[in-house]
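# Inside the fold
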Amino acid sequence: MNGPVRDQVRLTEIFLSLQGESTSVGLPTVFVRLTGCPLRCRYCDTAYAFHGGTVTAVSEVLSTVSDFSVTHVTVTGGEPLAQPGVMPLLTQLCDAGFAVSLETSGALDVAAVDPRVRKIVDIKTPGSGEVARNLWSNFEHLNAQDEIKFVICDRQDYDWARLKCDELNLWSRGREILFSPSAGELDPATLAHWMLEDRVPARLQLQLHKILWGDEPGR
Ligand code: SF4
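Residues numbered from 1 in each chain as written. Predicted model: local features only at pLDDT ≥ 70, side-chain atom pairs only at ≥ 80, totals over all residues. Heavy atoms only, no water.

### Observations regarding the packing of helix α1 (residues 58–67) against helix α2 (residues 86–95)
Their axes nearest at 10 Å, the elements α1 and α2 cross at an angle of 40°. Between α1 and α2, the crossing angle belongs to the class labelled oblique. By crossing handedness, the relation of α1 to α2 is classed as right-handed. Taking contact as the criterion, the partners of V58, V61, L62 and V65 in α1 are, on α2, P88, L89, Q92 and L93. (Axes fitted to C-alpha atoms, helices over the stretch in contact; angles between N-to-C directions. Helix = DSSP H or I, 4+ residues; strand = E, 2+ residues; numbered from the N terminus. Parallel < 35°, antiparallel > 145°, perpendicular 65-115°, else oblique. Left-handed = near helix turned anticlockwise from the far one by under 90°. Contact = heavy atoms within 4.5 Å.)

### Things to note about the layout of surface pockets
For the largest pocket, the calculated volume is near 810 Å³. If you list the elements that add at least two residues to the lining of the largest pocket, you get β1 (8–18), β2 (28–34), β5 (99–104), β6 (118–122), β7 (147–152), β8 (176–181) and α5 (208–213). In terms of residue class, the lining of the largest pocket is built from 16 nonpolar, 14 polar and 13 charged. By volume, the second largest pocket amounts to about 160 Å³. Lining the second largest pocket we find S180, P181, S182, A183, G184, L186, P188, Q205, L206, Q207, K210 and I211. Secondary structure elements with two or more residues in the lining of the second largest pocket: β8 and α5. Of the residues assigned to the lining of the second largest pocket, the class counts are 6 nonpolar, 5 polar and 1 charged. (1 Å grid on protein atoms, 1.4 Å probe; cavity = no way out; pocket = protein on both sides within 12 Å on 5 of 7 lines; lining within 4 Å. Points joined across faces, edges and corners; volume = space filled by probe spheres on them. Nonpolar A, V, L, I, M, F, W, Y, C, P; charged D, E, K, R; others polar.)

Take a look at the structure:
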């Protein structure tokens, strides 16, 4: 295909599902999964998106998304911000009237993301194996609708996450903070118990799509 690199993305898949995470959980959502990620989180469940994919025009992605006739679109990965074409993709999805969210590792700069996009930004914990990749300056570029997600692997991660929220003053900024137990590693009920015991003002996030469909790709 022709055209500048910013008008195209390397794409793993586009599919319709229910949003499994964030405050939009349960809503019918089209997922645009871009290929590639510079991180290697120990618990990653989308390693199939690290390689391969198909170079696809942004206009073609928009057309495919439109065919599903739903309002909500999530651009995810891999790490979508690793591709320059993600910025025009996000903007054109917003221009087309979709409610757009972006799932990102928190390791790449979010400053240039269209402000209409709701960013779901991870903070990588020690248990992820990628804690050194957190780009702390990203917190200067979050808007009121953006959400912050911790995947918690164990008690050490839980204590670390609470400390980080204190240090970064995240509780008082009025944003949604999501604590998600690492699937197969931390019992959700155990995490719920800790959060209640400590009166943590975060939201316990279970991955609805995994409850419904397990690890099936494209769900
Ligand atoms: S940032 Fe996401 S896609 Fe990349 S390795 Fe970590 S969990 Fe997997």
